[in-house]
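Close look at the chain arrangement
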Amino acid sequence: MTHYAKVLGTGGYLPEEIRTNDDISKTVDTSDSWIYERTGIKSRRIAGANETASSMAEIAARQAINTAQISPDEIDLIIVATGTPDRVYPSTACLLQHRLGIKHCVAFDVQAACSGAIYGLSIADQYIKTGAVKNVLIVGSEICSRIVDWTDRGTCILFGDGAGAVLLGSSDEAGVLSTHVYSDGGYEDMLYCPNPQAATEANKHQVGTISMRGNEVFKVAVNTLERIVDETLEANNLEKTDVDWLVPHQANIRIIAATAKKLKMSMEQVIVTLEEQGNTSSASVLLALHEGITDGRIKRGQVVLLEAFGAGFTWGSALIKY
Ligand code: ACO
């Protein structure tokens, strides 16, 4: 019997504080019009002083669990994708498991930067397909604002905080159709965030903030995402017109528009959240999926293409029949 990973429920959480482009232009040399034209971002959310990746993950997870109408005890596997974990260890997934009051399940983190949620979907799909588990909770939760250099106008304008969640359950009806994930560690210098506590003597003065060669990352991202879209359609013998919705990682509206164009999709078929959320790294795809489903745009039976690109480089896609 074929076991499909079916979307049972989704959840999302955005912290209260809104930081607009105008707010940022008070501290660095930039403007609302520059940021909006180059990125499509108007504002982003900033986590409160007492919030953590696991506290935000809990809110998004509980919503996904409620929508799925299952009990937390029925969850067999928890995967948290984050680049801003509460602690080096225990994993944020273990902390989330405890917050949810779950005793006996597997819980671990995935670190794949902005592609973390797609990696999580891919791992969950393998576990469910083999029949090893029934229900998997995947959460992307990020406090990017704490690893951003707020004096660097090339990066501080891009990122935001939030958490997105999806609950996948084993079903004999089609769900996840295929996932495609890749990494190439050769691009470390283009986009990275050091861990000062693990520094060597030579780089002990580094600080734990994001460094990015934005323009170069942009070009690789566009080309790579175009390739992964082709691969995903070919693997499923589908035409571009068979895809109902594109749910992309929310890094830059120009990257998103290039992928939509490649798919010959109008922007009406793309879920875009970055205007008010910025790039929430591993949370962004799940927040966008949640928004598209809860506002009724994405309907049961429709074909949804999720994709992401991030530091590593890492990239991937997931084709889902919702
Ligand atoms: N305001 C005003 N001017 C700025 C700003 C700013 N916020 N930032 C850069 N500039 C200036 C630069 O200094 C440069 O000036 P110069 O021409 O005098 O040297 C000029 O604008 C052009 O800079 P570029 O970097 O070429 O601008 P670009 O059009 O590429 O936009 C951006 C920059 C928005 C960062 C874009 O490159 C981008 O979105 N890159 C991709 C980001 C991404 O997808 N990352 C992957 C996911 S993130 C993750 O995995 C953690």
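This is a predicted model, so every value here is computed, not measured.

Rules of the game
Residues numbered from 1 in each chain as written. Predicted model: local features only at pLDDT ≥ 70, side-chain atom pairs only at ≥ 80, totals over all residues. Heavy atoms only, no water. Near = heavy atom within 4 Å. Polar contact = N/O pair within 3.5 Å; in protein donor to acceptor, adjacent residues only side chain to side chain. Helix = DSSP H or I, 4+ residues; strand = E, 2+ residues; numbered from the N terminus. Buried < 20%, exposed > 50% of the residue type's maximum accessible area, 1.4 Å probe, protein only. Domains from an automatic or database assignment. Contact = heavy atoms within 4.5 Å. Buried area = accessible area lost by both parts, 1.4 Å probe. Salt bridge = Lys/Arg side-chain N within 4 Å of Asp/Glu carboxyl O. Nonpolar A, V, L, I, M, F, W, Y, C, P; charged D, E, K, R; others polar. Phe/Tyr/Trp six-rings, centres within 6.5 Å; stacked < 30°, edge-to-face > 60°. Lys NZ or Arg CZ within 6 Å of the ring centre and 35° of its normal.

In the vicinity of the ligand, 25 residues are found, and the nearest of them are Thr 30, Arg 38, Cys 114, Asn 215 and Asn 252. Here an oxygen atom of the ligand and a side-chain polar atom of Asn 252 are 2.7 Å apart. Among the elements of the structure, helix H2 (32–39), helix H6 (214–235), helix H7 (253–262) and strand E12 (303–310) are those that each provide at least two residues to the shell around the ligand. Here the element with the most residues in the shell around the ligand is H6; it accounts for four residues.

Structurally, the position occupied by Arg 44 is in strand E3 (residues 43–46). According to the relative accessible area criterion, Arg 44 is buried, its value standing at 0%. The spatial distance from the C-alpha of Arg 44 to the C-alpha of Gly 278 is 5.1 Å, given a sequence separation of 234 residues.

Segmentation of the chain into domains returns domain 1 (4–173) and domain 2 (177–321). Once you take the C-alpha centre of each, domain 1 and domain 2 turn out to be 14 Å apart. On the side of domain 2, 44 residues touch domain 1, which itself brings 54 residues to the contact. A buried area of about 3,700 Å², summed over both sides, lies between domain 1 and domain 2, and 62% of it is on carbon and sulfur atoms. In terms of surface lost to domain 2, no three residues of domain 1 exceed Cys 114, Ile 118 and Tyr 119, which account for 17% of the buried area on that side. The interface formed by domain 1 and domain 2 includes zero salt bridges. For the pair domain 1 and domain 2, the interface holds 22 residue pairs in polar contact (both at pLDDT 80 or more). Secondary structure elements with two or more residues in the side of domain 1 that touches domain 2: strand E1 (4–13), H2, E3, helix H5 (116–129), strand E6 (135–143) and strand E7 (161–171). In terms of residues, the side of domain 1 that touches domain 2 owes the most to one element, H5, which gives eight residues. For the side of domain 1 that touches domain 2, a count of residues per class yields 24 nonpolar, 19 polar and eleven charged.

Right, let's get into the packing of aromatic side chains. Going through the model one piece at a time under the given rule, you end up with four aromatic pairs. Ring centres of Tyr 182 and Trp 315 lie 5.9 Å apart, and the angle between their planes is 25 degrees; on these two criteria the pair is classed as stacked. Linking Tyr 182 in strand E8 (residues 176–183) with Trp 315 in strand E13 (residues 314–321), this pair joins segments that are 133 residues apart in sequence. On the basis of relative accessibility, which here comes to 13%, the residue Trp 315 falls in the buried class. Members of the aromatic cluster, each reached through a chain of ring pairs, are Tyr 182, Tyr 187, Phe 309, Phe 313 and Trp 315. The ring of Trp 150 has Arg 19 lying over it, and the distance from NZ or CZ to the ring centre is 4.7 Å. A cation over a ring is seen here: Lys 42 above Tyr 36, with NZ or CZ 4.5 Å from the ring centre.

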